[in-house]
Amino acid sequence: AVYALVKSLVQTAGDVDAVKAEKITACIADWIDVDDQARANGAENSHYVAQNPPYNCHNGKLTCLEELSIVKGIDAEIYESISGYVTVYGTNCGVNINTAEPAVLRALALARKDTQEVYAEGFVRRILEFRAEGKTFPYLDNRKIRMLLFGEGEMSASERGEWGVLEWLLNHRLISVQSRHFYGISAARLVKGGAAERRIAFVFDSDTGEIEAWNEE
């Protein structure tokens, strides 16, 4: 399911067709897995050492987001399109449906095989309208979430299609209702004596209380 989500995001946010999205996703999977066996449409070390200049396949978890830019198939335009929606600080606990960007919600919907476009768009619109009213999903409970979004009555055909998308995401644990990692920026400017400015960007793990990343500029 995670593989399908990555492919869906590459295809929708990266604005590429399904064939190219599959190739890129296979290459990403090969880049982060620990073996040197290339998937169909993927790429392992033999491809990267043949580049000019040569470099090695990482075969491990991404250490920085910029690594994606050197994965086979990801050019500058695709990287720019998808980099704002992915992170190296994920914990495989699902996408926070209370805060996810519309592009990510759409990718979630289309990660489900054979999801019709009309149901995907309806799902995204329903979640955004729910959040626009100041509401949030406080828990992951299929029955209660269904009631929050669709009420107790009989659902229409379009509502059943949208619920089918959401139920699949819930059953495959691709969504959550809270975030663990938070990105922040602290900036200070010297009021007198010049225009000196310092910025600190950081990533905070709310579970451990630790700073995962710290960058001073």
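Data block above holds the structure.
A brief report on the enclosed structure follows. All figures in this text were calculated on a predicted structure; none of them were measured in a lab.

Cut-offs applied
- Residues numbered from 1 in each chain as written.
- Predicted model: local features only at pLDDT ≥ 70, side-chain atom pairs only at ≥ 80, totals over all residues.
- Heavy atoms only, no water.
- Phe/Tyr/Trp six-rings, centres within 6.5 Å; stacked < 30°, edge-to-face > 60°.
- Helix = DSSP H or I, 4+ residues; strand = E, 2+ residues; numbered from the N terminus.
- Buried < 20%, exposed > 50% of the residue type's maximum accessible area, 1.4 Å probe, protein only.
- Lys NZ or Arg CZ within 6 Å of the ring centre and 35° of its normal.
- Contact = heavy atoms within 4.5 Å.
- Pairing = 2+ DSSP bridges.
- Axes fitted to C-alpha atoms, helices over the stretch in contact; angles between N-to-C directions.

Glancing now at the packing of aromatic side chains. Each aromatic ring pair is described using two quantities: the centre-to-centre distance and the angle formed by the ring planes. By the definition in use, this model includes six aromatic pairs. Both rings, one in Trp-31 and one in Tyr-48, keep their centres 5.0 Å apart while their planes meet at 75°; by these two values the pair is edge-to-face. Pair noted here: Trp-31 is in helix α2 (residues 18-32) and Tyr-48 is in helix α3 (residues 45-48), with a separation of 17 residues, a long-range link. Residue class for Tyr-48 comes out buried when judged on its relative accessible area of 0%. One aromatic cluster in this structure is built from Trp-31, Tyr-48 and Tyr-55. Positioned above the aromatic ring of Tyr-139, the side-chain terminus of Lys-144 is 5.1 Å from the ring centre.

Moving on: helix α5 (residues 102-111). Listing the buried residues of α5 in full gives Val-104, Leu-105, Ala-107, Leu-108, Ala-109 and Ala-111. Check the buried side of α5 and you find it contacts α1 (2-13), β1 (95-96), α6 (117-132), α8 (157-171) and β2 (175-176).

Moving on to the sheet that holds strand β3 (residues 181-189). In spatial order, the strands read β3-β4-β5; together these three strands make up an open sheet with antiparallel pairing. Two strands close off the open sheet at either side, each with one partner strand: β3 and β5 (210-216). On average, each strand axis in the sheet is tilted by 20° relative to the strand beside it, whichever way the strands run. As judged from the six bridges shared by strand β4 (residues 197-205) and β5, these two strands associate in the antiparallel manner. When the bridges of β5 are listed, Ile-200 appears paired with Glu-216.

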